[in-house]
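Structural overview
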Amino acid sequence: MYIAYDENKKRISIENATRPNKYFCPLCGEPLIIRAEKSLARRKHFAHKSGTVCTEDWSHDMSEWHLTWQEKFPEECREVVVEKDGVKHRADVLINNIVIEFQHSPITSEEIAKRNAFYLSCGHPVVWVFDAEGQIKNSVGTTLDPMKCKENDLCWKSPKEKFAKPFPQGVKVFLDYSTEISDPKLANQKVRIMLLLRGIEPQRILFFNTKPFYIVQDNFLKQYGAISNQSVPSITDIINYIRQSSQPIQQKQVVIYPRPRPRSRRL
Ligand SMILES: [Zn+2]
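Computed from a prediction, not measured in an experiment: that's the story for all the values here. (Residues numbered from 1 in each chain as written. Predicted model: local features only at pLDDT ≥ 70, side-chain atom pairs only at ≥ 80, totals over all residues.)

Let us look at the overall build of the protein chain. Within the protein chain one finds four helices and 14 strands. The proportion of buried residues among the 267 residues of the protein chain is 27%. A fraction of 55% describes how many contacts in the protein chain between residues 6 or more apart in sequence connect residues 24 or more apart. (Helix = DSSP H or I, 4+ residues; strand = E, 2+ residues; numbered from the N terminus. Buried ≥ 20, exposed ≤ 12 C-beta atoms within 10 Å, placed from the backbone. Contact = placed C-beta atoms within 7 Å.)

Moving on: helix α2 (residues 109–121). End to end, α2 covers 18 Å across 13 residues, agreeing with the expected 18 Å (1.5 Å per residue, within 8%). When we look at burial in α2, the residues that qualify are Ile112, Arg115, Asn116 and Tyr119. Each buried residue of α2 sits inside an arc of 100 degrees when the element is viewed along its axis, so together they form one side. For α2, the exposed residues set more than 90 degrees away from the buried face come down to Glu110, Ala117 and Ser121. Contacts made by the buried residues of α2 are with β6 (78–84), β7 (87–95), β8 (98–103), β9 (126–131) and β12 (171–180). (Expected span 1.5 Å × (residues − 1). Arc of directions from axis to C-beta.)

This part covers the nonpolar core. Residues Val129, Leu175, Met194, Leu197, Tyr214 and Ile215 are the most contacted members of the largest nonpolar core, which totals 35 residues. Among the elements of the structure, β7, β8, β9, β12, β13 (190–200) and α3 (217–223) are those that each provide at least two residues to this core. Take this core: its biggest share by element is six residues, from β13. If near-sequence neighbours (up to four positions away) are discounted, isoleucine 215 is found in contact with Ile193, Met194, Leu196, Phe220, Ile235 and Ile238. Counting 10 residues, the second-largest nonpolar core is a separate cluster that includes Met1, Tyr2, Ile3 and Phe46. (Core = buried A, V, L, I, M, F, W, Y, C linked by C-beta atoms within 7 Å.)

Turning our eyes to something else, we now look at the environment of serine 178. Here serine 178 lies in strand β12. Serine 178 sits in the partly exposed class, given 19 other C-beta atoms within 10 Å.

Look at the link from arginine 19 to proline 20: it is a cis peptide, with omega at 0 degrees. Here proline 20 is to be found in the loop between β2 (11–13) and β3 (23–24). At lysine 9, a residue that is not glycine, the phi angle is positive and equals roughly 60 degrees. Here lysine 9 lies in the loop between β1 (3–5) and β2. Even without a glycine there, the phi angle at alanine 36 is positive, about 60 degrees.

Now for the pairing of β6. Side-chain positions along a regular strand alternate between the two faces of the sheet. In this sheet, β7 lies alongside β6 in antiparallel orientation, the contact comprising six bridges. Among the inter-strand pairings, valine 80 is bridged to a residue of β7, identified as alanine 91. (Pairing = 2+ DSSP bridges.)

What follows deals with the confidence of the model for the protein chain. With 89% of its residues at a pLDDT of 70 or more, the protein chain has an overall mean of 86. Residue range residues 252–262 is modelled with pLDDT below 50. Its contacts to residues more than four positions away, or to other chains, number 21 contacts. (pLDDT = per-residue confidence, 0-100.)

Here we take up the environment of glutamate 151. Residue position: glutamate 151 is located in the loop between β10 (136–138) and β11 (154–156). For the pair glutamate 151 and leucine 206, spaced 55 residues apart in the sequence, the C-alpha separation amounts to 6.4 Å.

What follows is the structure, encoded as structure tokens:
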């Protein structure tokens, strides 16, 4: 984890943590140690001392993809403890009452259902962003460009049992992957895009709209309040635009692939 409590129960980010100060787990209250301080392969992080059993039984992704996403949100919105009837869990992001979970590593459908049920029972809608890089194929062609696809063209390369159960109301799902886009401004460039899904099943993915569209990271960040840039449309703006217009939306703000190298690998 990257955020702990200090001795005054104040949230401290790992970047501001120094020895020999004492840090504690925001969930179980046990003392934490600082790990990977000098590692080039892993980010510096907080960890329980060996032998400690944390009350948190959900596993938390620590991939670079996950971190890069989390860091787009204000620090006070990251790794937020959500509590109900004495049960505590750590949301990847909690912003404007919405829980956002970034999922890179495999997860079971039971685990997804548990997390949805917990956060919804706490009054938080849930947004999942799945790292779908290398996971999608086109059943009728070769392109992964949603602008060139019909509703059911894109599907999983291999079945994903984690999507065996339909998601309840109050839960949204996005896929995040890179592809070339037939948008004139982005012609022949590989960009990181996101798809908002209407449904997600073990074999196939269903677009939100019958007219496929894509969003980029900034649209997502605008939608959920992480950025306020006036020139960036939110997802709602894009959906409204699509409903009113027959023209495909052209993105002004794009995230070019590949992304900058992760901080921990820089010398
Ligand atoms: Zn703990």
